[in-house]
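# Structural characterization, general
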Amino acid sequence: STSIRQSTNSTTLVARVFRNGPNRPLFVLHVGPPKTATTSIQCGLDRLSQQLALQDSYYFVGKRCPNSNGTMANGEASIPGHHLMMGLINANPHSRGFEKLQERMDYHRSRGNHMILSLEAMANHLEDRPETWDLFLSLLEGWNVRIVVNYRHYFEWIQSLYFQQHIGKKYRLYWPDQHGLVHPSFQTFLSQHLDRWEKEQPSNDQHSWGQHLTLYALQYFSQHFEDVEIFDLHQPGDVVTNFVCQMIPGATNTCRHLRENPFSEPTVKRESHSFDPHRLAMAAYQQSILNKKVSRTTAVEKIAEYLNKHNDLSDPNNLSCLPDGLQAQFLNASVWFEQRIAMSKRKGESTNSIIHREASDHARLFEQAVQRNKFCEVNVDHVI
């Protein structure tokens, strides 16, 4: 490792840069970010853990698939990610997660085994402080390290983030006079994020509104590691097969097996989200259309049943889609992120050619999403 100086938020830090060397086992760290198929990849690696270990000497130590329990098929117990993150953030080498990971790394390094850890919280919660990096990089001594960052189009990712941030109990179970919260519309959420992002740009802060965490993580980890790879979720093929074959060097036997025997179905099935019944229920409650004794859960269920039965949201008059100005602003931001991530992947190519091609391709995909009403939601006032 060597030291360089970097400026972060006007504070000068001494950052250690981790450099790979010969004859070391490989530690593959998949950092997410959230809402980029991380669970599908984790479940795939969990399912393949025994094969990776026996055929390619790669030991997956988590994050384990949500539906699995106990020890994984490779004999490993998943590293407690929350405790690991708290240990790194607080620079505490005695945290349960840190000690557990260090014990497994010492064990596998002594046997020349490779390791894989997937923890999406790394992309947006690891703080850029010298004491954090000193502890983290000390853990990695004696290893070669590859950082893997997933990429999903911004116009898909930010909408998925919107749903993720508003599914808590206070949004689902309780009315406002019971300390419940009101779902903002996607338009409101998006407008606030884009406006703030444009004012704060350029910002390397993961907490910056509208920031694409893929770009943030890419810039952040590239300051500390030589080998940082972008995993593009939009390429053809199965996501787990692509991840194993492209992101895990030397996992040739498992890769060959997956190419010959691909997963028969997606590793994780996610139901599409909609807050339309929630927002209609809240509007009806606030306008005293609903009996105050009706629970929020019941109201949402009944409204969802009605919408499914009558298909009312197939009527364009009952939908509210992005106004032209916000739609153009949204496309511009999504193209901006696409271009910068593409330039990071293709360093030997002309910047102008990358920008032109990525803008054209991205605009076409964005327009297809617009035509499918991907960004439309219920027109609450009209339907009520």
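As a starting point, this report considers the structure included with it. (Residues numbered from 1 in each chain as written. Predicted model: local features only at pLDDT ≥ 70, side-chain atom pairs only at ≥ 80, totals over all residues. Heavy atoms only, no water.)

This part covers the packing of aromatic side chains. Enumeration over the complete set of coordinates arrives at 29 aromatic pairs. Relative to Phe-243, the ring of Phe-231 has its centre 5.3 Å away and its plane inclined at 90 degrees; by these criteria the two rings are edge-to-face. Highlighted residues: Phe-231 in strand S7 (residues 228–232) and Phe-243 in helix H11 (residues 239–247), separated in sequence by 12 residues. The class of Phe-231 is buried, set by a relative accessible area of 1%. Taking relative accessible area as the criterion, Phe-243 reaches 1% and is therefore assigned buried. (Phe/Tyr/Trp six-rings, centres within 6.5 Å; stacked < 30°, edge-to-face > 60°. Helix = DSSP H or I, 4+ residues; strand = E, 2+ residues; numbered from the N terminus. Buried < 20%, exposed > 50% of the residue type's maximum accessible area, 1.4 Å probe, protein only.)

Another aspect to go through is the state of the cysteines. A full pass over the atoms with the stated rule returns 3 disulfides. Paired through a disulfide, Cys-245 and Cys-255 show a sulfur-sulfur distance of 2.0 Å. Looking down the S-S bond of the Cys-245 and Cys-255 bridge, the torsion is 110 degrees, so its handedness is right-handed. Remark: Cys-255 occurs in helix H12 (residues 252–260) and Cys-245 occurs in helix H11; sequence separation between them is 10 residues. Here the two residues Cys-245 and Cys-255 agree in accessibility, since each one is buried. Among the cysteines of the protein chain that take part in disulfides, numbered as they appear in the sequence, the pairing is 1-2, 3-4, 5-6. (Disulfide = S-S within 2.5 Å.)

All right, on to the sheet that holds strand S6 (residues 144–151) then. If you walk across this open sheet you meet the 5 strands as S4-S5-S3-S6-S7, and the pairing is parallel. At either end of the open sheet lies a strand with only one pairing partner, and these are strand S4 (58–60) and S7. Strand-to-strand twist across the sheet, computed as the mean angle between neighbouring axes with direction ignored, equals 25 degrees. Bridge count between strand S3 (residues 26–30) and S6: 5 bridges; the pairing is parallel. Paired with Val-28 across the strands is Arg-146, a residue of S6. Packing against the sheet, helix H15 (residues 324–345) makes contact with S6 and S7, and its axis sits at approximately 125 degrees to S7. (Pairing = 2+ DSSP bridges. Axes fitted to C-alpha atoms, helices over the stretch in contact; angles between N-to-C directions. Contact = heavy atoms within 4.5 Å.)

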